[in-house]
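Tertiary structure, described
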Amino acid sequence: MAAIVKEILARPIQLADQVTKAADDAHSFKQDCMELKAKTEKLAALLRQAARAGNDLYERPTRRIIDDTEQVLDKALTLVIKCRANGIMKRVFTIIPAAAFRKTSTQLENSIGDVSWLLRVSASADDRDDEYLGLPPIAANEPILCLIWEQVAILYTGSMEERSDAAASLVSLARDNDRYGNLIIEEGGVAPLLKLIKEGRMEGQEHAARAIGLLGRDPESVEQIVNAGVCNVFAKILKEGHMKVQVVVAWAVSELAGNHPKCQDHFAQNNAIRLLVSHLAFETIQEHSKYAIATKQQMSIHSVVMASNNNQESNTNKKENKEESSHMSHPMGNQSPSQMHNLVTNTMAMRSNSNSTPGQTKQPPLPPQNNQAGSQHSHHGKGNQNSGNAKQQIHQHYNTPVSLAGASIKGREFEDPATKAEMKAMAARALWQLSKGNVAVCRSITESRALLCFAVLLEKGPEDVQSYSAMALMEITAVAEQNSDLRRSAFKPTSPAAKAVVEQLLKIIEKADSELLTPCVKAIGNLARTFRATETRMIGPLVKLLDEREPEVTMEAVIALNKFACTENFLHVNHCKAIIDGGGTKHLIQLVYFGEQMIQIPALILLCYIALHVPDSEVLAQEEVLIVLEWSTKQAHLAEELSVDALLPEAKSRLELYQSRGSRGFH
């Protein structure tokens, strides 16, 4: 940096010396030239001071201010050289307006003010006075730019408290205006913000992470932030930062991934998926040792049980472990175990048994070691009482401390319940955005315990956690719908995790009065090709949504049923019969006749699939479906739809084959 600054300053310093020398040789306007000389000497002294402080100068404003200063000195030199003419003829033909000296003098004063401000704003916290720096003359045309310069400079050179305040100021600017956010990125604000996240105190880290999330509003901005190394910094915080900072970081990850999906793989490569699932699993399911760090000094009971798999334990130890586990409190509170909780517990046991072999110790995959584990219980000894009840119960049964902190063992169990709930919400939000359209990320999520976590959180979680969990499942199932390998591995009918997810989705759809209804309907539709022939229980609740519901809900229900009834679904005949048995035909006829256009087309397509696959149904004859199809062929907006054009004539002709015109009242 020092070499760059010296190179920038070399030319202006040289020009200032030339102006000073030329002013001494002036033969006309001597008094004006002496005034320019005095100001130029003052400016030259500041430029030399800037050259000596090269390492500390903030490069972006330095380039802008020195470029302007160089232009001013160039004009001053031209003016002073004109005053050196000493012949009568030269003086006659050399015209120097009186206003030229006033203008040049003013420009030199402005340059002095700009360079002085640059030196003050680039000074370290110890050398800078506490007084307000003010705005330099260069800020007359763009004051916000100089305000950004000042805050970014403080991020580089200020104390921890000053850097925290500067980050908060940048948060306000980025939130107010997209252009301000772009200016912060252009003026080099990302690097010091990331440095503050790594080195700062908790409040400063929160402000800096929030600023990063606000700055990534478009793909270009996110690309620059990712190139600055945000993925590695965020992964480190998610692993070992304070939970309140982790909440903001998880939110920022969701913002960056949502605005630029290409960064999903970068976060995945930095282990962000596993860390986020760890936060989701913490106190959600009892055994998530896949994300726990086992140390010689301190290991959780769950890690011990899972690692040993009870193969090398004595009968006495087995009995003691069972008795101790029976006293473990439910992760969602002091409630009686529900059917969902039993399913989760059984799944954990099945995975433990299936992944181990006789005579071999089961070793779960471990994230990188956290060296600060040993001191955290003493550091957080005075935890919130509301979150400590379960902890006290555990300590009554075990002599060693129990850690359920997953990938980070920095005392997360001592956080207050509100922070824990917010952490789960932001982790689910981040996983939702990271999973959009990304097969690798979805595979990483489904191979973990995340599906079980989502199932439990859909049943028991707070409202925002439920919402983000439903959205995440919607995106994961959408990817699985398009990728047969992922669909077969993650959502096979025998998978307890998949069963748990489907169970919760169906409960929400059957209840039909939740804001989660739309994403849950989409998720069930995405899973249409994973169900067995004997499983038709999801058809009835979807058919009920066709009757006088909000247009958006009705449309999603029709689209989901289309995925069950389409030709690509191997069990389309079974599903079409289930739709007919559930009374779906009469609802579809009403939607084709009287529904909005966004519902009419998918409803007509579904009716065509049913007529195509079950043409011999008596219900179709009784409901006069053929008349509906004939009417649809005469409606231009329906017949011209590409998805309807190929399907409607075939369905109509097939229905005519099985049902005579007389039986439907045609005479």
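Residues numbered from 1 in each chain as written. Predicted model: local features only at pLDDT ≥ 70, side-chain atom pairs only at ≥ 80, totals over all residues. Heavy atoms only, no water.

Turning our attention to the overall build of the protein chain. Helix and strand counts for the protein chain stand at 37 helices and zero strands. In the protein chain, which comprises 667 residues, the proportion classed as buried is 53%. Per element, the accessible surface of the protein chain, about 31,000 Å² overall, is 48% carbon and sulfur. (Helix = DSSP H or I, 4+ residues; strand = E, 2+ residues; numbered from the N terminus. Buried < 20%, exposed > 50% of the residue type's maximum accessible area, 1.4 Å probe, protein only. Areas by Shrake-Rupley, 256 points an atom, 1.4 Å probe, with all protein chains shown as cover.)

What follows deals with the nonpolar core. Core analysis: the biggest nonpolar cluster contains 199 residues, and Ile212, Phe234, Phe454 and Ile524 have the highest contact counts within it. Looking at this core, the element that brings in the most residues is helix α32 (residues 597–613), giving 12 residues. If sequence neighbours within four positions are ignored, Ile212 has contacts with Val190, Leu193, Leu194, Ile197, Ile225, Val230, Phe234 and Leu256. (Core = buried A, V, L, I, M, F, W, Y, C linked by side-chain atoms within 4.5 Å. Contact = heavy atoms within 4.5 Å.)

Applying the stated criterion across every chain, the model contains 19 salt bridges. Across the pair Glu656 and Lys652 runs a salt bridge, and its minimum N-O distance is 3.2 Å. Within this pair, Glu656 and its partner Lys652 are both found in helix α37 (residues 647–658), separated by four residues, close to a single helical turn. When salt bridges that share partners are traced, they join Glu503, Glu535 and Arg537 into one network. (Salt bridge = Lys/Arg side-chain N within 4 Å of Asp/Glu carboxyl O.)

Here we come to the packing of helix α34 (residues 625–633) against α37. In contact at an axis separation of 10 Å, α34 and α37 are set at 150° when each is read in the N-to-C sense. For the crossing formed where α34 meets α37, the hand is left-handed. Only Leu648, Ala651, Lys652, Leu655 and Glu656 of α37 make contact with α34, whose side of the interface consists of Val625, Leu626, Leu629, Glu630, Ser632 and Thr633. (Axes fitted to C-alpha atoms, helices over the stretch in contact; angles between N-to-C directions. Left-handed = near helix turned anticlockwise from the far one by under 90°.)

In this structure, Glu283 takes a positive phi of about 60° despite not being glycine. By secondary structure assignment, the location of Glu283 is in the loop between α15 (272–281) and α16 (301–308). Overall, the relative accessible area of 25% leaves Glu283 in the partly exposed class.

A few words on the environment of Thr106. Mapped onto the elements of the fold, Thr106 is located in helix α5 (residues 98–121). Relative accessible area serves as the criterion here: at 40%, Thr106 is assigned to the partly exposed category. Here the alpha-carbon distance between Thr106 and Lys39, two residues 67 residues apart in the chain, equals 9.8 Å. One polar contact links the side chain of Thr106 to the main-chain carbonyl oxygen of Arg102, over a distance of 2.9 Å. (Polar contact = N/O pair within 3.5 Å; in protein donor to acceptor, adjacent residues only side chain to side chain.)

Attention shifts here to the packing of aromatic side chains. In the structure shown here, the tally under the stated rule is six aromatic pairs. Taking the centre distance of 5.8 Å and the plane angle of 45° together, the rings of Tyr58 and Tyr156 count as tilted. Highlighted residues: Tyr58 in the loop between α2 (30–52) and α3 (59–82) and Tyr156 in helix α6 (residues 143–157), separated in sequence by 98 residues. Through a chain of ring-to-ring contacts, three or more aromatic side chains come together here, namely Tyr593, Phe594 and Trp631. (Phe/Tyr/Trp six-rings, centres within 6.5 Å; stacked < 30°, edge-to-face > 60°.)

Relative to the 21 Å expected for 15 residues at 1.5 Å per residue, α6 spans 21 Å between its end C-alpha atoms, a close match to the ideal helical length. Of all the residues in α6, the buried ones are Leu145, Cys146, Ile148, Trp149, Glu150, Gln151, Val152, Ala153, Ile154, Leu155 and Thr157. (Expected span 1.5 Å × (residues − 1).)

Our next topic: the environment of Ala257. For Ala257, the position within the fold is in helix α13 (residues 243–259). Separated by 44 residues in sequence, Ala257 and Gly213 place their C-alpha atoms 9.9 Å apart. The contacts of Ala257, once residues within four sequence positions are left out, are Cys263, Gln264, Gln433 and Leu434.

Look at helix α21 (residues 417–435) against helix α24 (residues 463–482): their axes get within 8 Å of each other, and the N-to-C directions meet at 20°. By the angle class used here, α21 and α24 are roughly parallel. For α21 against α24, the interelement crossing comes out left-handed. Contacts between α21 and α24 pair Ala421, Lys424, Ala425, Met426, Ala428, Arg429, Trp432 and Ser435 from the former with Asp464, Val465, Tyr468, Ser469, Met471, Ala472, Glu475, Ile476 and Val479 from the latter. Residues of the contact of α21 with α24, tallied by class, amount to 11 nonpolar, two polar and four charged. (Parallel < 35°, antiparallel > 145°, perpendicular 65-115°, else oblique. Nonpolar A, V, L, I, M, F, W, Y, C, P; charged D, E, K, R; others polar.)

What follows deals with helix α22 (residues 439–447). Among the residues of α22, Val441, Cys442, Ile445 and Thr446 are the ones counted as buried. With its buried residues spanning 130° around the axis, α22 presents them on a single face. Where the residues of α22 are buried, they touch α14 (264–269), α15, α21, α23 (450–460), α24 and α25 (484–490). Its side-chain oxygen 3.1 Å from the backbone nitrogen of Ala440, Asn438 forms the N-cap of α22. (Arc of directions from axis to C-beta.)

As a further point, take the side chain of Asn438. Relative to the helices and strands, Asn438 resides in the loop between α21 and α22. Within the structure, the side chain of Asn438 is placed 3.1 Å from the backbone nitrogen of Ala440, a separation counted as a polar contact.

As a further point, take a negative patch on the surface. A cluster of acidic residues, Glu422, Glu463, Asp464 and Glu515, forms a negative patch at the surface. Positionally, Glu463 belongs in helix α24. Residue Glu463 is classed as exposed on the basis of its relative accessible area of 58%. (Patch = residues over 30% accessible without salt bridge, like charges linked within 9 Å, V, L, I, M, F, W, Y side chains within 5 Å. Lys, Arg positive; Asp, Glu negative; His and termini not counted. Charge placed at Lys NZ, Arg CZ, Asp CG, Glu CD.)

Glancing now at the environment of Cys263. With respect to the secondary-structure elements, Cys263 resides in the loop between α13 and α14. Here Cys263 falls in the buried class, since its relative accessible area comes to 1%. For Cys263 and Val253, which are 10 residues apart along the polypeptide, the C-alpha to C-alpha distance reads 9.5 Å.

A few words now on the confidence of the model for the protein chain. Confidence in the prediction of the protein chain, expressed as mean pLDDT, is 79, and 76% of residues score 70 or more. Note that residues 351–409 has pLDDT below 50 and, in this model, 116 contacts with residues that lie over four places away or in other chains. (pLDDT = per-residue confidence, 0-100.)

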